[in-house]
Amino acid sequence: MKEKIRLNKYISNSGICSRREADKYITAGLISVNDIIISKLGSKVNENDIVKFNGQKVNIEKKIYVLLNKPKNYITTTKDPKNRKTVMELIKNSSKTRLYPVGRLDRKTTGLLLFTNDGEIAKKLTHPRYKVEKLYHVILNKNLKKIDYDLIIKGLNLEDGKVFVDELSYANNKKNELGVKIHIGKNRIIRRIFEKLNYNVIKLDRVMLAGLTKKNLQRGCWRYLNKQEIDFLQMLKK
């Protein structure tokens, strides 16, 4: 660190939380610099300062971004009490630093899942405000009728409110295969949309996430993001 940076950015860079959350911790008196409680927003620190959160030293970690093409039957969690297979097993050799999945895919859903220790990026990718786009390939148990296609486009009332997709199109010249682009992050949202209209989703694959794609990434494999991809995600912070 060649020059001083804002304290909230320093804390965010450690992977603990986002800058906004860091501001809350600062004003709450939970942050100290060189054993002095700092409660003023906008304070700056340098590389020689000792920053503590709740009495524990904060260390800046190198930011790591890992993209996984998730297979079926893996749970998106860091630990499972039922001892089922988790996505963490698939990326265990990617980093000695502890990584966390950004959002989740249910056990049967396949496709793109991002892992990182960048708390701010993770927050932005999952916050509705940033409208991060996700594209899914959906296969239904029967053809989607035109009347139901139109209902989805107009918006459906689910138990937790009305939902809209960003784009909907038939795929591979088949009426039971669809491409669904959406930015909503509600739990099981794609499955619930079609279940509302009495369709069963027999395959659900996330093929695009925040501009990231599965190109050249085999199922069950992972890769690091390249600089261009990281720079694109960094722009979400602005």
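Residues numbered from 1 in each chain as written. Predicted model: local features only at pLDDT ≥ 70, side-chain atom pairs only at ≥ 80, totals over all residues. Heavy atoms only, no water.

**Comments concerning the nonpolar core**
Among the nonpolar cores identified, the biggest contains 35 residues, and Phe-115, Val-138, Ile-152, Ile-190, Ile-193 and Phe-194 are the most heavily contacted of them. Of all elements in the fold, only strand S7 (65-70), strand S9 (110-116), strand S10 (134-140), helix H4 (146-154), strand S11 (156-158), strand S14 (174-182), helix H5 (189-196) and strand S15 (201-209) reach the threshold of two or more residues within this core. Ignoring sequence-local partners within four residues, the contact set of Ile-152 consists of Leu-144, Val-165, Leu-168, Ile-193, Phe-194 and Leu-197. With 16 residues, the next largest nonpolar core counts Val-102, Leu-112, Leu-209 and Leu-217 among its residues. (Core = buried A, V, L, I, M, F, W, Y, C linked by side-chain atoms within 4.5 Å. Buried < 20%, exposed > 50% of the residue type's maximum accessible area, 1.4 Å probe, protein only. Helix = DSSP H or I, 4+ residues; strand = E, 2+ residues; numbered from the N terminus. Contact = heavy atoms within 4.5 Å.)

**Digging into the environment of Ile-37**
Position of Ile-37 relative to the elements: it lies in strand S3 (residues 36-37). Accessibility expressed as a relative area gives 52% for Ile-37, which makes it exposed. With 129 residues separating them along the chain, Ile-37 and Asp-166 place their C-alpha atoms 46 Å apart.

**Quick notes on the packing of aromatic side chains**
Both the distance between ring centres and the angle between the ring planes are used here to describe each pair of aromatic rings. For the structure on display, the rule yields three aromatic pairs. On the basis of an interplanar angle of 45° and a centroid distance of 4.8 Å, the ring pair of Tyr-25 and Phe-53 is categorised as tilted. Here Phe-53 lies in strand S5 (residues 51-53) and Tyr-25 lies in helix H2 (residues 19-27), a separation of 28 residues in the sequence. Note on Tyr-25: relative accessible area 27%, which makes it partly exposed. Exposure remark for Phe-53: the relative accessible area of 18% places this residue in the buried category. Considering the side-chain rings of Trp-222 and Tyr-224, the 5.0 Å spacing of their centres and the 75° angle between planes classify their relative orientation as edge-to-face. Classification of Trp-222 as partly exposed rests on a relative accessible area of 26%. The side chain of Lys-142 reaches across the aromatic face of Tyr-199, ending 5.1 Å from its centre. Taking NZ or CZ as reference, Lys-175 lies 5.3 Å from the ring centre of Tyr-170, over its face. (Phe/Tyr/Trp six-rings, centres within 6.5 Å; stacked < 30°, edge-to-face > 60°. Lys NZ or Arg CZ within 6 Å of the ring centre and 35° of its normal.)

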